[in-house]
Number of protein chains: 2
Amino acid sequence: MTASTIAFSGSALDRADHIRANSEKLAELTNWRARLLKLDGLAPVIAPEGGLEWGTLADADPAAELVFLGLSAEGRACFAAVSPALIGSVAPPSPALWQVMSLLAPDELATYGGAKALVDWHARHRFCARCGSATVLAKGGWQRNCTNGACKGEHFPRVDPVTIMTVECDGTLLLGRQPRFPPRRFSALAGFVEPGETIEEAVAREVHEEAGVRVRDVTYVCSQPWPFPSSLMIACHAHADDPALTIDETELDDARWFSRAEVAHAMSGAEDGAFIAPPPFAVAHHLLKWWLEQ
Amino acid sequence: MTASTIAFSGSALDRADHIRANSEKLAELTNWRARLLKLDGLAPVIAPEGGLEWGTLADADPAAELVFLGLSAEGRACFAAVSPALIGSVAPPSPALWQVMSLLAPDELATYGGAKALVDWHARHRFCARCGSATVLAKGGWQRNCTNGACKGEHFPRVDPVTIMTVECDGTLLLGRQPRFPPRRFSALAGFVEPGETIEEAVAREVHEEAGVRVRDVTYVCSQPWPFPSSLMIACHAHADDPALTIDETELDDARWFSRAEVAHAMSGAEDGAFIAPPPFAVAHHLLKWWLEQ
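Residues numbered from 1 in each chain as written. Chains lettered and ligands numbered in written order. Predicted model: local features only at pLDDT ≥ 70, side-chain atom pairs only at ≥ 80, totals over all residues. Heavy atoms only, no water.

K.L.:
It is not clear to me how the overall build of chain A should be interpreted in this structure. Could you clarify?
P.N.:
The helix and strand tally for chain A stands at 7 helices and 15 strands. Relative to the compact-globule value of 19 Å for 294 residues, chain A shows a C-alpha radius of gyration of 21 Å, a close match. Considering only C-alpha atoms, chain A reaches an extent of 60 × 50 × 30 Å along its principal axes. When the 25 basic and 37 acidic side-chain charges of chain A are each reduced to a single mean position, those positions are 6 Å apart. (Helix = DSSP H or I, 4+ residues; strand = E, 2+ residues; numbered from the N terminus. Rg over C-alpha atoms; globule rule 2.2 N^0.38 Å. Lys, Arg positive; Asp, Glu negative; His and termini not counted. Charge placed at Lys NZ, Arg CZ, Asp CG, Glu CD.)

Encoded structure:
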């Protein structure tokens, strides 16, 4: 599976890691030629001609912190602003946000997603978790440093690994419904990787916790950065020998085994079948597509 | 590759996730029959008969917070203590710690590693990153809640995904030396996954940043929980067409292409060859072994 088919992957920006730690170079690039990603809260702003709207650093709130996103293909420094209005806010994705994001080309959606995850992290991480003192942005926004000289804690943008998995038993596929899903939507089960477990162990634990099913032969399929707030979706496939279900009703409304024909029908976009498939921007969509192609 | 061959994986504890949110059940299990993992600082204590030493909750510092690790095979609740002496400490692995850990069976090393990552997280996350107020342990140690009623921030144990990769070009393998490595040791290149990129994109970026090499066809090989402090190592393999190296000397002392015969010699445990292989507890060891078996 090519990365460009997965939503939020395939940004054309060069992250230019070597510039982040070089404060002289960074200051030099923070000039009138630099581009500022325009945000409406944490949502992207669409340019009149379509695509992401970029301004200049003069458009940023003077009190904002600037995050260095990387270099454009023409070598211009790209930034996003952590404006004071965003501080402390938590913004789950809304139907309106999905609407705006659907207007973006894949590489622009990826650039926006990465910027959103990073700006959101700065907005929610103002203080040192170790000592409670204020922190300040460092290394072009790829670090925050504690201002308490006795602590000097260094903090890095968080990325939370999440496993998401399809399970196969006797030619049928296990899918589940979370309470927040639209009616009749079923998707792959999912859960955060915890300290002390491999990806494969996390997959087996989640499927057992949520559906009571024991799995074997977990294989990795693909991955996706998911900026709500900042997860790394790790999509896997597993096999089960016993289809008996014990559903954890605190996590799932329902879980069922679907036939290949039912999955193929739903994935064709039809809404009159056994269930409605996950949308194309979800990595679960790719997992189901991958399974149908096997 | 079976999970049990990878260090820090394969714990026999049942994480019993359903108990964490059930404060009544958790209180009931916090009894005289419960087991407490004995720690010396953040290092494991070895029992006189070998293996991890477990005590009872009476052995914990009365001021300690208790973290619920899960249920043993006999159904006994297992805990670890976040003692006041650990608060704020940062403990990188030491030769002495490796010595002690080498005495543990694989499943016990995994139980220790998961507990260490979790206790360490509590020791370094005492305050709310959003508002700076004190936090308190919740859900058996799988969450910390902000005590500021106007904030109510919820914080979860951190797991940092890291890519670690071998790169193949014309039958040779790219390995590098970090400045902190023992003399003549070479290992796989590695780096943190950042917000806004897939695993495959992170692999390509790291190899280009550290060695100046462009890669294609990234494949996932295996994963490992790494409790220093709490990473998820995601081991991959990639291919390159151009072996020209541009080494980032701020990251690496050296990087070189090694022949199959040189890798096989080093992996036999020999120290008189072109380089010394990464040790068996490192997932890089498994990557090199996997490559030799292809």
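The structure having been displayed, the exposition proceeds.
K.L.:
Even after reading the chapter, I still don't get the pairing of strand 5 (residues 65-71) of chain A, so can you show me in this structure?
P.N.:
Side-chain positions along a regular strand alternate between the two faces of the sheet. All names here are of chain A. In terms of burial, strand 5 is a largely internal element, 6 of the 7 residues being buried. The sheet contact formed by strand 5 and strand 6 (residues 77-82) spans 6 bridges and is antiparallel. By the bridge assignment for strand 6, Leu 71 is matched with Ala 77. Taking the residues between adjacent antiparallel strands as the criterion, strand 5 and strand 6 are bridged by 5 residues, where Gly 75 takes a positive phi near 80°. (Buried < 20%, exposed > 50% of the residue type's maximum accessible area, 1.4 Å probe, protein only. Pairing = 2+ DSSP bridges.)

K.L.:
Please explain the relation of the copies chain A and chain B as it appears in this structure.
P.N.:
Each of the two chain copies can be brought onto the other by rotation about an axis and movement along it. Taken as rigid bodies, chain A and chain B are interconverted by a rotation of 180° and an axial shift of 0.0 Å, the fit giving an RMSD of 0.0 Å. Taken together, the rotation angle and the small translation identify this as a two-fold axis. In terms of C-alpha distance to the rotation axis, chain A has Gly132(A) as its closest residue, with the C-alpha 2.3 Å off the axis. The share of interface residues of chain A whose copies in chain B are also at the interface is 100%, consistent with both copies meeting through the same surface. (Least-squares fit on C-alpha atoms with pLDDT ≥ 70 in both. Contact = heavy atoms within 4.5 Å.)

K.L.:
Would you explain the side chain of Arg205(B) in this entry?
P.N.:
Position of Arg205(B) relative to the elements: it lies in helix 5 (residues 199-211). For Arg205(B), a relative accessible area of 11% gives the class buried. Within the structure, Arg205(B) has its side chain in polar contact with the side chain of Glu206(B) (distance 3.2 Å). Among residues more than four places away in sequence, those in contact with Arg205(B) are Arg15(A), Phe192(B), Glu194(B) and Glu197(B). (Polar contact = N/O pair within 3.5 Å; in protein donor to acceptor, adjacent residues only side chain to side chain.)

K.L.:
Even after reading the chapter, I still don't get the UniProt feature "domain: Nudix hydrolase" (unreviewed entry) in chain A, so can you show me in this structure?
P.N.:
Residues annotated by UniProt as "domain: Nudix hydrolase" (unreviewed entry) correspond here to residues 157-283 of chain A. For residues 157-283 of chain A, the end-to-end C-alpha separation is 22 Å, with 17% helix and 37% strand making up the annotated structure. (UniProt positions renumbered as here; feature names shortened; annotations may be inferred.)

K.L.:
Where do I start with the interface of chain A and chain B in this structure?
P.N.:
Accessible area lost on assembly of the parts is the figure often given for the size of an interface. With 46 residues of chain A at the interface, the matching set in chain B holds 46 residues. Summed over the shared surface of chain A and chain B, the number is 6 salt bridges. Residue Arg15(A) is joined to Glu197(B) by a salt bridge in which the shortest nitrogen-to-oxygen separation is 3.6 Å. Seen at the junction of chain A and chain B, the total is 24 residue pairs in polar contact (both at pLDDT 80 or more). (Salt bridge = Lys/Arg side-chain N within 4 Å of Asp/Glu carboxyl O.)

K.L.:
So what exactly am I meant to see when it comes to the sheet that holds strand 9 (residues 154-155) of chain B here?
P.N.:
Working definition: the strands of a sheet are paired by backbone hydrogen bonds and lie parallel or antiparallel to each other. Spatially, 3 strands are ordered 7-8-9 (chain B) in an open sheet, and the strand pairing comes out antiparallel. Unpaired on one side and paired on the other, strand 7 (135-138) and strand 9 of chain B mark the two borders of the sheet.

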